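# Overview (structure and organization)
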Amino acid sequence: MRLFLLPLLLLAATAVRAEPSSSKTLLPLFELAGIHLLCEQSLPLLQRGQGESEQKRLAQLFAGEAFCLDLAERVGQRLDEDQAEQARARLDGPLAQRFTAAERAVGEQPEVLGEYRQLLQQRPPRGARVELIRRLDAAARTTELASLLRYEVGKTQALLALRARGENLDEAELQRQTQTQADAIRQSSQQAVESFMLYAYRQMPSDQLAEYASLYEQASVSQLLAVSLEVVPQLFAERREQLRKGAAPAQ
């Protein structure tokens, strides 16, 4: 973060001009940044293995559209319109669109990715390419987003299992008892993200990969991701509190 030494009057004037971002501005930006996937995947992951009544209760709390709107409103309080517009311009440019198209192509043939991951074990890619992928992962916070989703879903499922047995844990104790899982989740997420990026971007020249990483390193994009990563756990915690207040499911 750059620190500018400005007269107090100018600082005050800047603060007045900086308008918070609206949710309408941020929702399309979430899609460009991949944050919307976290919103959309939360409910299906939580509902796995749950009974019909529990699935309905989870749907009331974690429906993707409402969850993303809540996230946008919270993030918008800490991201002004200028920052949001700068992030949108970078994430919606030709370079980002080419990389997004490469990512979507993987989804059309997911079985090929599995084969590629087996090949990686036999023929690891050269070090410079891997370093570029890791730089992009760190800048785009992809592993962090994936790990956060898996961890928060796991915490919520742990609470549901406890309540099904007539037990309960407050948020602090739930955090303490599940914290040991965080490192394992992050490690497996990083491996999955790295192999996905190596395959999806295999035909992208290294100079373009470096440029794409630089795009995510820009302050406006970095701030969007950082704030979102801070807010998501708050939203999960608030919804888990609603689960605690609800009646335990019938046995």
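Residues numbered from 1 in each chain as written. Predicted model: local features only at pLDDT ≥ 70, side-chain atom pairs only at ≥ 80, totals over all residues. Heavy atoms only, no water.

## Let's talk about the overall build of the protein chain
- Counting secondary structure elements, the protein chain contains 14 helices and zero strands.
- Across the 251 residues that make up the protein chain, the buried fraction comes to 39%.
- Of all intrachain contacts in the protein chain linking residues separated by at least 6 positions in sequence, the fraction that spans at least 24 positions is 89%.
- Accessible area of the protein chain: about 14300 Å², with a carbon and sulfur share of 52%. (Helix = DSSP H or I, 4+ residues; strand = E, 2+ residues; numbered from the N terminus. Buried < 20%, exposed > 50% of the residue type's maximum accessible area, 1.4 Å probe, protein only. Contact = heavy atoms within 4.5 Å. Areas by Shrake-Rupley, 256 points an atom, 1.4 Å probe, with all protein chains shown as cover.)

## Quick look at the pattern of salt bridges
- Following the criterion strictly, the structure yields 20 salt bridges and no others.
- Across the pair Arg-74 and Asp-70 runs a salt bridge whose closest N-O atoms are separated by 3.5 Å. Note that Arg-74 and Asp-70 are positioned in helix α5 (residues 64-76) at a spacing of four residues, about one turn of the helix.
- Classification of Arg-74 by relative accessible area gives partly exposed; the value is 22%.
- The shortest N-O distance in the salt bridge between Glu-131 and Arg-134 comes to 3.7 Å. Of the two residues, Glu-131 and Arg-134 are both situated in helix α9 (residues 127-140); the distance of three residues between them amounts to about one turn of the helix.
- Each of Glu-152, Lys-155, Glu-171, Arg-240, Glu-241 and Arg-244 takes part in one network of salt bridges that share partners. (Salt bridge = Lys/Arg side-chain N within 4 Å of Asp/Glu carboxyl O.)

## What about the layout of surface pockets?
- Counted as a void, the largest pocket has a volume near 1300 Å³.
- Contributing to the lining of the largest pocket are 39 residues, with Gly-34, Leu-37, Glu-103, Thr-142 and Phe-196 lying nearest its centre.
- Contributing elements (two or more residues each) for the lining of the largest pocket: α2 (23-33), α3 (35-47), α7 (94-108), α8 (110-122), α9, α10 (142-164), α12 (180-200) and α13 (206-217).
- When residues in the lining of the largest pocket are grouped by element, the largest group, eight residues, is from α7.
- Residue composition of the lining of the largest pocket, by class: 25 nonpolar, nine polar and five charged. (1 Å grid on protein atoms, 1.4 Å probe; cavity = no way out; pocket = protein on both sides within 12 Å on 5 of 7 lines; lining within 4 Å. Points joined across faces, edges and corners; volume = space filled by probe spheres on them. Nonpolar A, V, L, I, M, F, W, Y, C, P; charged D, E, K, R; others polar.)

## Here's the deal with the environment of Ala-59
- Relative to the assigned elements, Ala-59 resides in helix α4 (residues 52-62).
- Remark: the alpha-carbon pair of Ala-59 and Pro-44, spanning 15 residues in sequence, is separated by 9.0 Å.
- For Ala-59, the residues in contact, after removing those within four places along its chain, are Leu-43 and Gln-47.

## Some words on the packing of α9 against α13
- The interhelical angle for the contact between α9 and α13, taken along N-to-C directions, is 20°, at an axis separation of 8 Å. If you check the angle between α9 and α13, you find them roughly parallel. By crossing handedness, the relation of α9 to α13 is classed as left-handed. Every residue of α13 that contacts α9 at Arg-129, Leu-132, Ile-133, Arg-135, Leu-136, Ala-139 and Ala-140 is listed here: Ser-206, Leu-209, Ala-210, Tyr-212, Ala-213, Ser-214, Tyr-216 and Glu-217. (Axes fitted to C-alpha atoms, helices over the stretch in contact; angles between N-to-C directions. Parallel < 35°, antiparallel > 145°, perpendicular 65-115°, else oblique. Left-handed = near helix turned anticlockwise from the far one by under 90°.)

## Points about the packing of aromatic side chains
- Inspection of the entire model under this criterion finds eight aromatic pairs.
- Where Phe-67 meets Phe-236, the ring centres are 5.4 Å apart and the plane angle is 65°; that geometry is what we call edge-to-face. You can see Phe-67 sitting in helix α5 and its partner Phe-236 sitting in helix α14 (residues 219-245), a full 169 residues away along the chain. Across the pair, Phe-236 and Phe-67 agree in class, each one buried.
- For the ring pair Tyr-116 and Tyr-199, a centre distance of 5.0 Å and an interplane angle of 50° mean the geometry is tilted. In this pair, Tyr-116 is assigned in helix α8 and Tyr-199 in helix α12, connecting sequence segments 83 residues apart.
- For Tyr-199, a relative accessible area of 9% corresponds to the buried category.
- Three or more aromatic residues joined by ring pairs make a cluster, and in this case those are Phe-99, Tyr-201, Tyr-212 and Tyr-216. (Phe/Tyr/Trp six-rings, centres within 6.5 Å; stacked < 30°, edge-to-face > 60°.)

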